[in-house]
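Architecture and fold: a report
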Amino acid sequence: MAIQRKKISVIGSGFTGATTAFLIAQKELADVVIVDIPQNESPTKGKALDMLEASPVLGFDANIVGTSNYEDTENSDIVVITAGMARKPGMSRDDLVTTNANIMKKVTEEIVKHSPQCTIIVLTNPVDAMTYTVFKESGFPKHRVIGQSGVLDTARFRTFVAQELNLSVKDITGFVLGGHGDDMVPLIRYSYAGGIPLEKLMAKDRLDAIVERTRKGGGEIVNLLGNGSAYYAPAASIVEMVEAIIKDQRRIIPAIAYLEGEYGFTGIYLGVPTVLGGNGIEEIIELDLTEDEQKALQKSVDSVKNVMDVLS
Ligand SMILES: NC(=O)C1=CN([C@@H]2O[C@H](COP(=O)(O)OP(=O)(O)OC[C@H]3O[C@@H](n4cnc5c(N)ncnc54)[C@H](O)[C@@H]3O)[C@@H](O)[C@H]2O)C=CC1
Ligand SMILES: O=C([O-])CC(=O)C(=O)O
């Protein structure tokens, strides 16, 4: 009899999709099905087989298949959506909205048909609006449609702080609220090194510079790569969310969640602190914000709404 493991499908076998699939398998979180369009089926199968052939060397047990047939995704526990266009230098994430919204509609229809009980995690940009699109198309309850931005944005912030203070990244915690764009709101007041508020360890101008670099972190990589966007840190970020759900960890993780009054906003998907567990988003944690923080969040919400307006 075949071994019964959890099943995770990753839609899109490009840079982020392939890296995510490999990390999920390496961590033995589940068997993985990677799906791309029929024109890309052969390279998708090739990537999956190549990953599988790494399993004896790295010592992981997980099956990995590549396909363009959604029947292979039947009854997935989690489906990660990475399908769609990535930006190139000179583009903003929002320039991808129309193309990627159409792709979201197509893939969501297939996901719902084949895995009606799954939890969906969206990576595709502009991710706040794409998560909303998937939510609407799927008809799933809000706790089972989640977007990824906060783990990545926080990871960038933590990396830059650790470099600046010459400390381990493990001891740095950060906190980013809002949309995944240049108006995101890194919350210094809730950021620490080994439990010590960062404001006690760093000059304000250095912290401000790190906040600015974090906001533009995606663009920094886009400009360096020249022909696509980040994928190692984005994939690692998705996998942290996947792990929290598949292992029912109830971790506090920043994620893009559907708001119904939290932080004063309704009917919008936005990055907020959440509790991620077996049921997907189990709670949204609301924090008191200062007037300046609330203003910055409002600006970020306005940017997300502008993108959503293109779709309505
Ligand atoms: N939310 C976030 O933090 C991040 C979001 N992203 C976004 O993730 C998306 C993917 O990025 P990459 O993997 O680097 O792009 P990529 O171009 O390497 O891969 C995208 C893949 O999607 C496939 N695809 C297109 N239409 C499809 C469909 N209908 N069904 C299945 N597959 C389809 C393409 O054939 C391609 O293989 C982009 O929109 C990018 O902006 C990337 C990094 C971070
Ligand atoms: O910048 C991009 O286009 C990809 C992305 O969202 C990121 O790396 O934060």
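Residues numbered from 1 in each chain as written. Chains lettered and ligands numbered in written order. Predicted model: local features only at pLDDT ≥ 70, side-chain atom pairs only at ≥ 80, totals over all residues. Heavy atoms only, no water.

As annotated in an unreviewed UniProt entry, the chain carries the name Malate dehydrogenase and comes from Metabacillus malikii. Reading the Catalytic activity (unreviewed entry) entry of the UniProt record for the chain gives the comment "(S)-malate + NAD(+) = oxaloacetate + NADH + H(+)". (UniProt positions renumbered as here; feature names shortened; annotations may be inferred.)

The subject of this paragraph is the packing of aromatic side chains. Taken as a whole and judged by the stated rule, the model has 7 aromatic pairs. Between F135 and Y258, the aromatic rings sit 4.6 Å apart at their centres with planes inclined by 40°, giving tilted as the arrangement. Separated by 123 residues along the polypeptide, F135 in helix α5 (residues 127-138) and Y258 in strand β12 (residues 251-260) bring together distant segments of the chain. A residue is classified by how much of its surface remains accessible, and F135, at 12% relative accessible area, is buried. Taking 5.4 Å as the distance between ring centres and 45° as the angle between the ring planes, the aromatic pair formed by Y258 and Y269 counts as tilted. Separated by 11 residues along the polypeptide, Y258 in strand β12 and Y269 in strand β13 (residues 266-277) bring together distant segments of the chain. No difference in accessibility class separates Y258 from Y269, as the two residues are buried. In this arrangement the basic side chain of R144 is found over the ring face of F140, its NZ or CZ atom lying 4.4 Å from the centre. Across the ring face of F160, the terminal group of R213 is positioned such that the distance to the ring centre comes to 4.0 Å. (Phe/Tyr/Trp six-rings, centres within 6.5 Å; stacked < 30°, edge-to-face > 60°. Helix = DSSP H or I, 4+ residues; strand = E, 2+ residues; numbered from the N terminus. Buried < 20%, exposed > 50% of the residue type's maximum accessible area, 1.4 Å probe, protein only. Lys NZ or Arg CZ within 6 Å of the ring centre and 35° of its normal.)

With that out of the way, let us pick up the sheet that holds strand β7 (residues 172-173). Strand order in this open sheet of 3 strands is β7-β10-β11, and the pairing throughout is antiparallel. Whereas interior strands pair on both sides, the edge strands pair on one side only; in this sheet they are β7 and β11 (196-197). In the sheet, β7 pairs with strand β10 (residues 192-193) via 2 bridges, with the strands oriented antiparallel. Looking across to β10, one finds that I172 is bridged to A193. (Pairing = 2+ DSSP bridges.)

Let us now look at the site of ligand 2. R87, R93, N125, L152, R156, H180, G218, V222, S229 and A230 make up every residue found near ligand 2. Interatomic distance of 2.6 Å between a side-chain N/O atom of R87 and an oxygen atom of ligand 2. Within the side chain of R93, a nitrogen or oxygen atom sits 2.8 Å from an oxygen atom of ligand 2. Contact with the protein chains removes 95% of the 260 Å² of surface that ligand 2 exposes when unbound. Placement of ligand 2 is best described as lying within the largest pocket. Listed by contribution, the elements that provide at least two residues to the shell around ligand 2 are α6 (150-165) and α8 (217-225). Split into classes, the residues belonging to the shell around ligand 2 amount to 3 nonpolar, 4 polar and 3 charged. (Near = heavy atom within 4 Å. Polar contact = N/O pair within 3.5 Å; in protein donor to acceptor, adjacent residues only side chain to side chain. Areas by Shrake-Rupley, 256 points an atom, 1.4 Å probe, with all protein chains shown as cover. 1 Å grid on protein atoms, 1.4 Å probe; cavity = no way out; pocket = protein on both sides within 12 Å on 5 of 7 lines; lining within 4 Å. Sits in = over half its atoms within 2 Å of the grid points. Nonpolar A, V, L, I, M, F, W, Y, C, P; charged D, E, K, R; others polar.)

Here we take up the UniProt feature "binding site: NAD(+)" (unreviewed entry) in the chain. Per the UniProt record, the feature "binding site: NAD(+)" (unreviewed entry) sits at G12, S13, G14, F15, T16, G17, D36, N100, L123, T124 and N125. Of the annotated set, the members that line the largest pocket are G12, S13, G14, F15, T16, G17, D36, L123, T124 and N125. Take F15: it is sitting in helix α1 (residues 15-26). With a relative accessible area of 52%, F15 lands in the exposed category. Here G17 is to be found in helix α1. Its relative accessible area of 0% is what places G17 among the buried residues.

On to the site of ligand 1. Close contacts around ligand 1 come from 27 residues, with F15, T16, D36, M85 and L123 the closest. Within the side chain of T16, a nitrogen or oxygen atom sits 2.6 Å from an oxygen atom of ligand 1. Taking 870 Å² as the accessible area of ligand 1 by itself, protein coverage stands at 86%. Counting atoms within 2 Å of the grid points, the majority share of ligand 1 lands in the largest pocket. Of all elements in the fold, only α1 and α4 (97-114) reach the threshold of two or more residues within the shell around ligand 1. The element best represented in the shell around ligand 1 is α4, accounting for 3 residues.

For the rest of this paragraph, the subject is α8. Think of an α-helix as 3.6 residues a turn; residues three or four steps apart then line up on the same face. When we look at burial in α8, the residues that qualify are G217, G218, G219 and V222. Contacts made by the buried residues of α8 are with α6 and α7 (204-215). At the exit of α8 stands G226, carrying a positive phi of roughly 85°. (Contact = heavy atoms within 4.5 Å.)

Moving on, we get to the packing of α6 against α7. For the pair α6 and α7, the least separation of the axes is 9 Å and the interaxial angle reads 145°. For the crossing formed where α6 meets α7, the hand is right-handed. Across the interface between the two elements, D153, R156, F157, F160, V161, Q163 and E164 of α6 pack against R206, L207, I210, V211, R213 and T214 of α7. Per-class residue counts for the contact of α6 with α7 are 6 nonpolar, 2 polar and 5 charged. (Axes fitted to C-alpha atoms, helices over the stretch in contact; angles between N-to-C directions. Left-handed = near helix turned anticlockwise from the far one by under 90°.)

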